[in-house]
Amino acid sequence: MNHRSQSNQCPYHALTALGGREGLSGKAAAPETIEPAALDSEALNEPWIQLDDHTEVLAQMHMIGLTEEDLKLIASFGPVISSQIERVTASFYDSVGRVDSLEQIIIQHSTVERLRQTLSNHLIEMFNCRINPTFIEKRLRIAAAHQRIGLSPKWYMGAFQNLQNTLLDIIRELDERIDTINLGQAVTKLLSFEQQLVLEAYESKIQHQADHDELTGLPNRRMFNQVLSQRIEANRDSQTEFAVMMLDIDRFKMINDSLGHTYGDIFLKEMSTRIRDSIDDDQVMLARMGGDEFTLICSGDFVEDKVSRLARSIISAIGQPYHLKDNDFYVTASIGIAIYPDHGLDAVQLLKNADTAMYEVKKGGKNGYQFYTNELDVQLMEKIELEGYLRKAIAKNELMLYYQPQIRTGDSRMVGVEALVRWNHPTKGVLSPGMFIPIAEETGMITEIGTWVLREACRQMREWHLQGGPLIPVSVNLSSHQFHQSNLVDYIKSILEETGLEPQYLELEITESMMMDASVSTVILNKLNELGIRISLDDFGTGYSSLSYLKMLPIDKLKIDRSFITDITVNDNDKAIVATIIAMAQHLKMDVIAEGIETKDQLDILTANDCREIQGYYFSRPLSADEVESAFFVPLR
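Scoring rules and cut-offs
Residues numbered from 1 in each chain as written. Predicted model: local features only at pLDDT ≥ 70, side-chain atom pairs only at ≥ 80, totals over all residues. Heavy atoms only, no water. Patch = residues over 30% accessible without salt bridge, like charges linked within 9 Å, V, L, I, M, F, W, Y side chains within 5 Å. Areas by Shrake-Rupley, 256 points an atom, 1.4 Å probe, with all protein chains shown as cover. Salt bridge = Lys/Arg side-chain N within 4 Å of Asp/Glu carboxyl O. Lys, Arg positive; Asp, Glu negative; His and termini not counted. Charge placed at Lys NZ, Arg CZ, Asp CG, Glu CD. Helix = DSSP H or I, 4+ residues; strand = E, 2+ residues; numbered from the N terminus. Buried < 20%, exposed > 50% of the residue type's maximum accessible area, 1.4 Å probe, protein only. Contact = heavy atoms within 4.5 Å. Axes fitted to C-alpha atoms, helices over the stretch in contact; angles between N-to-C directions. Parallel < 35°, antiparallel > 145°, perpendicular 65-115°, else oblique. Nonpolar A, V, L, I, M, F, W, Y, C, P; charged D, E, K, R; others polar. Core = buried A, V, L, I, M, F, W, Y, C linked by side-chain atoms within 4.5 Å. 1 Å grid on protein atoms, 1.4 Å probe; cavity = no way out; pocket = protein on both sides within 12 Å on 5 of 7 lines; lining within 4 Å. Points joined across faces, edges and corners; volume = space filled by probe spheres on them. Pairing = 2+ DSSP bridges. Phe/Tyr/Trp six-rings, centres within 6.5 Å; stacked < 30°, edge-to-face > 60°. Lys NZ or Arg CZ within 6 Å of the ring centre and 35° of its normal.

Provide a residue-level description of a negative patch on the surface, including the pertinent values.
A surface patch of like charges, here negative, comprises Glu241, Glu304, Asp305 and Asp342. Inspection of the secondary structure puts aspartate 342 in the loop between strand 8 (332-340) and helix 14 (347-363).

As structure tokens, then:
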């Protein structure tokens with residue numbers, strides 16, 4: 001074969017595909033001449049390499065030795081590629097079919113035919129040979145597409161080698177007049193260049209995945225810690241202030257438990273977008289640490305007032321309703337803030353103190369922000385100590401139940417009691433639920449405590465019935481953890497059988513948040529209702545569930561939250577809301593009870609609106625079992 005050098009041959013000299021001898025079909029093919037006119041005359045005058053802003057890419061091309069002359073020669077090879085495109089793409093993807101696991105990956109996400117078509121377009125464009133930003137972007141997109149469906153660089157490079165071998169075979173089959181040596185070298189350089197781009201795209205993607213949260217696309221814990229350490233090091237000498245913010249979503253678990261993880265993920269993506277949109281300064285970094293926990297680093301001139309404004313902006317954005325599964329849901333945010341260097345000189349201390357401040361917000365009612373203070377450390381140590389004692393409380397028989405009477409307004413007779421847990425701490429005395437139930441919920445101890453409360457309440461009520469006490473029910477609060485147990489109905493049934501209490505004398509109090517997923521709630525509540533257990537909707541009016549749930553679910557009683565009762569004598573809005581709840585409950589054939597009654601004026605307004613059951617200190621504080629018996633049962637005997 002007579003090869004002429006590239007220097008002596010015009011790069012647009014006609015290429016003959018399989019000319020003068022048997023080609024792929026096995027038949028002699030007449031020489032097919034492709035003249036320079038086949039290439040766009042205007043395009044020929046454009047620069048072949050347009051990468052002024054891509055210095056690293058230019059360096060790669062220089063290292064490989066890929067020149068404009070190579071690109072011109074390759075461009076004249078383009079029509080041959082178009083005519084042989086099925087053969088070329090087959091060499092790339094047929095190798096996949098020889099590995100079952102790779103073929104399954106392809107089938108799972110697409111089809112070989114679709115990927116072949118994509119590759120066909122890709123190769124035809126590639127052999128047009130204009131190396132510009134568009135060329136680079138398309139190469140990276142191809143690599144990203146393969147990585148997205150799980151095809152590794154190792155596989156990609158193997159298939160690429162098959163493609164290169166096929167292209168070189170086609171070049172060797174060209175007419176003798178073609179400079180096949182220089183053409184083969186040019187094509188090899190181009191494919192090597194493309195392979196480098198692909199590998200860099202994989203590496204860049206892998207690095208991005210290592211540093212970013214898959215769900216939200218935000219920087220992850222790893223990247224946040226790196227940036228925080230770098231910021232501390234940069235500010236160490238000057239002691240320039242910056243803020244670290246720890247943000248936790250209040251009530252997110254309620255959405256996750258009620259609607260499932262799929263909707264929880266949708267919620268978190270929307271959440272991250274809202275937080276990001278609240279930031280109007282490029283010196284703020286937002287990261288997702290995991291779950292519903294986000295962190296921010298606020299650099300630059302972030303004085304306390306500016307950090308406070310940012311915190312308020314985020315809280316406001318998060319507080320707007322979220323539309324999920326045909327309903328609006330509301331959550332709030334608790335934010336703790338620590339300032340470098342006042343609140344810590346290293347990352348561990350800053351994060352710890354921001355976290356401490358955040359939990360102080362939660363303890364104080366959530367939906368707010370707080371800067372760290374040294375006093376919070378003392379409180380944190382007390383909380384840790386309390387948790388240690390709480391883990392042993394049941395085993396040491398330190399928990400006890402108090403009972404608050406529920407009174408019928410018509411004759412002031414007791415018609416039920418609510419069981420309220422107390423903790424007889426070995427050194428601190430009797431503690432109210434607000435002191436330890438939040439800790440129990442955080443640590444997962446709430447299920448064990450809730451089970452003890454339910455069992456003890458049923459046992460005590462059964463004992464009162466056997467002793468001749470009035471046949472009244474006992475109300476027990478169910479935690480969200482308990483309500484969403486897979487075996488809830490069987491678990492409650494077993495406690496009733498164990499204690500001997502008849503089901504109609506057990507009233508379970510649930511909150512509106514537990515009814516977010518109506519399909520799940522309906523099944524659970526109907527099964528409890530079939531057992532004869534009564535269901536009371538606690539804190540009614542403070543949640544955000546649809547009122548339509550009331551007609552769908554087997555609710556026996558509504559409990560008006562004390563927040564509406566506190567100012568009912570001076571607040572006309574509270575008075576109107578209470579009157580509406582009472583009227584609605586009666587129309588729906590439900591009982592209604594108001595809690596938190598402390599004065600006669602409050603009682604008079606409630607009775608005027610036909611509220612027939614009340615609970616509160618006006619009639620009785622929560623009492624021990626012995627006190628209930630002596631004050632209410634003994635006189636009736």
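I'd like a description of unusual backbone geometry, backed by residues and values.
A cis amide bond, omega 0°, links tyrosine 340 with the succeeding residue proline 341. Along the chain, proline 341 turns up in the loop between strand 8 and helix 14. Positive phi outside glycine occurs at glutamine 239, with the angle close to 60°. The topology assignment puts glutamine 239 in the loop between helix 10 (221-235) and strand 3 (242-250). Assessed through its relative accessible area of 36%, glutamine 239 is described here as partly exposed. Backbone geometry places serine 412, a non-glycine residue, at a positive phi of 60°. Position of serine 412 among the secondary structure elements: in the loop between strand 10 (399-408) and strand 11 (414-425).

Could you give an account of helix 11 (residues 252-259), with specific residues and numbers?
Count 3.6 residues to each turn of an α-helix, and residues three or four apart come out pointing the same way. Counting buried residues along helix 11, 6 of its 8 residues qualify, which places the element largely inside the surrounding structure. Looking at helix 11, one finds that the buried residues are Phe252, Met254, Ile255, Asn256, Ser258 and Leu259. In this structure, the buried side of helix 11 is in contact with strand 3, helix 12 (261-278), strand 6 (322-324) and strand 7 (327-329). Phi for glycine 260, located one or two positions after helix 11, is positive at around 100°.

Quick one: what's the story with the packing of helix 14 against helix 15 (residues 375-390), residue by residue and with numbers?
Where helix 14 meets helix 15, the closest approach of the two axes is 10 Å, and the angle between their N-to-C directions is 75°. By the criterion of interaxial angle, the relationship of helix 14 to helix 15 is roughly perpendicular. Seen from helix 14, the contacting residues are Lys352, Asn353, Thr356, Ala357, Tyr359, Glu360 and Lys363; seen from helix 15, they are Leu376, Asp377, Gln379, Leu380 and Lys383. Here the contact of helix 14 with helix 15 is built from residues that sort into 4 nonpolar, 3 polar and 5 charged.

Please provide a residue-by-residue account of the nonpolar core, values included.
One finds Val474, Ile492, Leu506, Leu528, Leu558 and Leu606 to be the most contacted residues of the largest nonpolar core, which totals 79 residues. Here this core takes 9 residues from helix 17 (residues 446-466), the largest share from any one element. Once you skip the residues sitting within four places of it in the chain, isoleucine 492 turns out to touch Leu454, Leu506, Leu508, Leu528 and Ile533. If you look at the next biggest cluster of nonpolar residues, it comprises 38 residues, including Ala75, Val80, Phe160 and Leu163.

Lay out empty space enclosed by the protein with the relevant residues and their values.
Within this structure, the stated rule accounts for 2 cavities of 30 Å³ or more. The volume enclosed by the second largest cavity comes to roughly 40 Å³. Taken together, Leu390, Arg391, Ile394, Met445, Glu448 and Ile449 form the lining of the second largest cavity. Of the residues that constitute the lining of the second largest cavity, the class distribution is 4 nonpolar, no polar and 2 charged.

How would you sum up the sheet that holds strand 8? Please name residues and give values.
On the basis of which strands lie adjacent, the open sheet formed by 5 strands has the order 4-5-3-8-9 and mixed pairing. Whereas interior strands pair on both sides, the edge strands pair on one side only; in this sheet they are strand 4 (284-290) and strand 9 (368-371). Each strand of the sheet is rotated relative to its neighbour by a mean of 20°, with strand direction disregarded. Both strand 3 and strand 8 contribute to a ladder of 9 bridges, which runs antiparallel. By the bridge assignment for strand 8, phenylalanine 242 is matched with tyrosine 340. The strands touched by helix 10 within the sheet are strand 3, strand 4, strand 5 (293-298) and strand 8, with strand 4 carrying the most contacts at an inclination of about 140°.

Outline the pattern of salt bridges, supporting the account with residue identities and numerical values.
Within this structure, the stated rule accounts for 27 salt bridges. Residue glutamate 442 pairs with lysine 383 through a salt bridge whose shortest N-O separation is 3.0 Å. With glutamate 442 in helix 16 (residues 433-443) and lysine 383 in helix 15, the pair connects residues that are 59 residues apart, well separated along the chain. For the salt bridge of arginine 612 with aspartate 610, the shortest nitrogen-to-oxygen distance reads 2.8 Å.

Residue-level account of the pairing of strand 15 (residues 534-540), with values.
Counting buried residues along strand 15, 5 of its 7 residues qualify, which places the element largely inside the surrounding structure. Across 5 bridges, strand 14 (residues 506-511) lies against strand 15 in parallel orientation. Paired with leucine 508 across the two strands is isoleucine 535, which belongs to strand 15. By the bridge criterion, 3 bridges tie strand 15 to strand 16 (residues 557-560) in an arrangement that is parallel. Paired with phenylalanine 540 across the strands is isoleucine 560, a residue of strand 16.

I'd like to hear about the packing of aromatic side chains, residue by residue, with values.
Scanning the model with the defined rule gives 8 aromatic pairs in all. Measuring from ring centre to ring centre gives 5.4 Å for phenylalanine 252 and phenylalanine 267, while their planes differ by 20°; the resulting arrangement is stacked. In this pair, phenylalanine 252 sits in helix 11 while phenylalanine 267 sits in helix 12, placing the two residues 15 residues apart along the sequence. Classification of phenylalanine 252 by relative accessible area gives buried; the value is 8%. Residue class for phenylalanine 267 comes out buried when judged on its relative accessible area of 0%. With centroids separated by 5.4 Å and ring planes inclined at 90°, the aromatic side chains of tyrosine 618 and phenylalanine 619 adopt a geometry described as edge-to-face. Judged by relative accessible area, phenylalanine 619 falls into the partly exposed class, the value being 31%. Through a chain of ring-to-ring contacts, the aromatic side chains of Phe252, Phe267 and Tyr322 assemble into a single cluster. The aromatic ring of tyrosine 322 is capped on one face by arginine 274, whose charged end is 3.7 Å from the ring centroid.

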